[in-house]
Amino acid sequence: AVEQALMRDGAADYLVYFDSRPDLSAAGTMDWKTRGRFVMESLQKTAAKSQAGAIDVLKANNVKFQSFWIDNVIAVTKSDRATLNSISSLPGVARVIAPRKLGIIEPEKRVVSVNSGVTAIESNIDHVGAPGAWGMGFDGTGIVVANIDTGVRYTHSVLVDHYRGNNGGTFDHQYNWYDPYTFSTAPLDGHGHGTHTMGTVVGADSTGTNQTGMAPGARWIACRGCDTSSCTDVNLLACAQWIAAPTDLTGNNPNPDVRPHVVNNSWGDCGTSYDNWYQGVVDAWHAVGIYPVFSNGNASNCGYSEPPGCNTVGNPARYGNVTGVGSTTQSSGQYAVHSNWGPTDNPDTVNPQAEPIIKPQVVAPGENIRSSVASGD
């Protein structure tokens, strides 16, 4: 694909991956702050050393690029063939791949009959037994959840009290929000998807009349990995790095001490085989102690029929060390006809149980679900 772009346009964008990886095996024995700094600094040192030659070539040829330490990769913009050849011949360059364009897992659009009554705890939350867990003291308190999505309307009534940047009515968005597209200085959501998913994670208003979230005791932060329904690989990498070590609003001064414990990703591709372009990111998240969750995908996003059939789960949801989440009907527990299927060709290495190729590993109601929207309360 890179060759084709060069032949067609005389220049091409591409990602350069380097093979050097630090030994992060000791991270799991460390406390939270020590672990975060150890992983970040180890990855930064490895990237700086292995990428130095390529960066010299790019600078000498006045080629725009973005360097990442989260997966030892450089994203190159509009390079000619001579520059590519120079980089490809450097020691430590593992591969050069074409850019990826990924998409939000858009909800299915269908006409449904909706009960106009509002219940305090939404039926999907009650269905999975969340209130029982809350009664035992497990409501997310002490946990920070992030999403990589279209953003979040942080002032929504079921979200504002749970935003980590809310300091009792005044807001500090530094280290709680990042937008690699426009560097907006406060959380926003021009699409609506990210606001809806965050409402399913933590949503609950102060009156107790709207409880849409699984973990209403948790706090949230967010990175805008997708500006519309599409997501660029460069900005998904930027968000991945921010998740491991949140930065100020300009993308500088990373601080892994304030990283989240969980990251939710409702985006992906329609690939039917394992594609490891984001694998280094996921491995780094594990090393730093962050739990990665990905949507299994919806049939309509990939043009599949309903039900979509076997081997329709895309990447990165099909990775063996992420939890893939599928959809059931609103209350019956039947697997939803719109939700993509496994198996995966990259077996689960973290919690394989009896069948390590099963995807999704977790299901929950995903039809006719009420949650927060970006257009109002």
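Residues numbered from 1 in each chain as written. Predicted model: local features only at pLDDT ≥ 70, side-chain atom pairs only at ≥ 80, totals over all residues. Heavy atoms only, no water.

**Q** Tell me about the overall build of the chain, and please be specific about residues and values.
**A** Helix and strand counts for the chain come out as 9 helices and 14 strands. In terms of overall size, the chain behaves like a compact globule, its C-alpha atoms giving a radius of gyration of 21 Å where 377 residues would be expected to give roughly 21 Å. Overall, the chain is about 65 × 45 × 40 Å in size when its C-alpha atoms are taken along their principal axes. Taken over 377 residues, the chain has a buried fraction of 51%. Contacts in the chain between residues far apart in sequence, at least 24 positions, make up 77% of those at least 6 positions apart. Carbon and sulfur atoms form 53% of the exposed surface of the chain, whose accessible area is close to 16,300 Å². Across the chain, the centroid of the 24 positively charged side chains sits 5 Å from that of the 34 negatively charged ones. (Helix = DSSP H or I, 4+ residues; strand = E, 2+ residues; numbered from the N terminus. Rg over C-alpha atoms; globule rule 2.2 N^0.38 Å. Buried < 20%, exposed > 50% of the residue type's maximum accessible area, 1.4 Å probe, protein only. Contact = heavy atoms within 4.5 Å. Areas by Shrake-Rupley, 256 points an atom, 1.4 Å probe, with all protein chains shown as cover. Lys, Arg positive; Asp, Glu negative; His and termini not counted. Charge placed at Lys NZ, Arg CZ, Asp CG, Glu CD.)

**Q** Give me the pattern of salt bridges: which residues, what numbers.
**A** For the structure shown, the criterion picks out 10 salt bridges. Residue Arg224 is joined to Asp179 by a salt bridge in which the shortest nitrogen-to-oxygen separation is 2.9 Å. Of the two residues, Arg224 sits in strand S8 (residues 219–224) while Asp179 sits in the loop between strand S7 (177–178) and helix H6 (193–202), which places them 45 residues apart along the sequence. (Salt bridge = Lys/Arg side-chain N within 4 Å of Asp/Glu carboxyl O.)

**Q** Give me the lowdown on the nonpolar core, citing residues and values where you can.
**A** Among the nonpolar cores identified, the biggest contains 49 residues, and Ile148, Leu236, Trp267, Trp277, Tyr278 and Trp285 are the most heavily contacted of them. Of all the secondary structure elements, the ones that give two or more residues to this core are strand S1 (12–18), helix H2 (32–60), strand S3 (73–79), strand S5 (101–104), strand S6 (144–149), S8, helix H7 (233–244) and helix H8 (279–288). Top contributing element to this core by residue count: H7, with 8 residues. Residues Val2, Ala12, Tyr14 and Val76 belong to the second largest nonpolar core, which totals 18 residues. (Core = buried A, V, L, I, M, F, W, Y, C linked by side-chain atoms within 4.5 Å.)

**Q** An account of the state of the cysteines is requested, with residue identities and associated values reported.
**A** Evaluation of the coordinates by the stated rule reveals 3 disulfides. Paired by a disulfide, Cys226 and Cys231 hold their sulfur atoms 2.0 Å apart. Taking the sign of the S-S torsion, 90 degrees for the link of Cys226 and Cys231, the bridge is right-handed. We note that Cys226, like Cys231, is buried. Linked covalently through their sulfurs, Cys270 and Cys302 form a disulfide whose S-S length is 2.0 Å. Measuring the twist about the S-S bond at about -85 degrees, one finds the Cys270-Cys302 disulfide to be left-handed. (Disulfide = S-S within 2.5 Å.)

**Q** If you had to explain the sheet that holds strand S4 (residues 93–97) to someone new, which residues and values would you point to?
**A** An order of S2-S3-S1-S4 is seen for the 4 strands of this open sheet, with the pairing classed as antiparallel. Each edge of the sheet is formed by a strand with only one pairing partner; in this case those strands are strand S2 (64–68) and S4. The average angle at which neighbouring strand axes cross in this sheet is 20 degrees, direction not considered. Strands S1, S2 and S3 of the sheet are contacted by H2, whose axis makes an angle of about 180 degrees with S2. (Pairing = 2+ DSSP bridges. Axes fitted to C-alpha atoms, helices over the stretch in contact; angles between N-to-C directions.)

**Q** Which residues make up the packing of aromatic side chains, and what values go with them?
**A** Scanning the entire structure with this criterion turns up 11 aromatic pairs. Here Tyr154 and Tyr163 contribute two aromatic rings whose centre-to-centre distance is 5.6 Å and whose plane-to-plane angle is 50 degrees, an arrangement assigned as tilted. Both residues of the pair, Tyr154 and Tyr163, belong to the buried class. Ring centres of Trp267 and Tyr278 lie 5.1 Å apart, and the angle between their planes is 90 degrees; on these two criteria the pair is classed as edge-to-face. On the criterion of sequence distance, the pair formed by Trp267 in strand S11 (residues 267–268) and Tyr278 in the loop between S11 and H8 is long-range, its members being 11 residues apart. Summarising the burial analysis for this pair, Trp267 and Tyr278 share the class buried. Members of the aromatic cluster, each reached through a chain of ring pairs, are Trp267, Trp277, Tyr278, Trp285 and Phe294. Against the face of Tyr17 rests Arg95, its NZ or CZ located 4.1 Å from the ring centre. Cation over ring: Arg259 sits above Trp32, and NZ or CZ is 3.5 Å from the ring centre. (Phe/Tyr/Trp six-rings, centres within 6.5 Å; stacked < 30°, edge-to-face > 60°. Lys NZ or Arg CZ within 6 Å of the ring centre and 35° of its normal.)

**Q** Would you mind going over the packing of H7 against H8 in detail, with residue names and values included?
**A** In the contact formed by H7 and H8, the axes pass within 10 Å of each other and the chain directions differ by 5 degrees. As summarised for this structure, H7 and H8 are arranged roughly parallel, according to the angle between their axes. Judged by residue contacts, Leu237, Ala240, Ile243 and Ala244 of H7 engage Val281, Trp285 and Val288 from H8. (Parallel < 35°, antiparallel > 145°, perpendicular 65-115°, else oblique.)

**Q** Can you break down the sheet that holds S8 residue by residue, with the values?
**A** A sheet is described by the order of its strands in space; here 7 strands give the open sequence S7-S8-S6-S10-S12-S13-S14, paired in parallel fashion. Unpaired on one side and paired on the other, S7 and strand S14 (362–365) mark the two borders of the sheet. Across the sheet, H6 lies against S6, S8 and strand S10 (262–265), angled at about 155 degrees from S6, the strand it touches most. With respect to the sheet, H8 is in contact with S6, S10 and strand S12 (291–295), its orientation differing from that of S12 by roughly 140 degrees.

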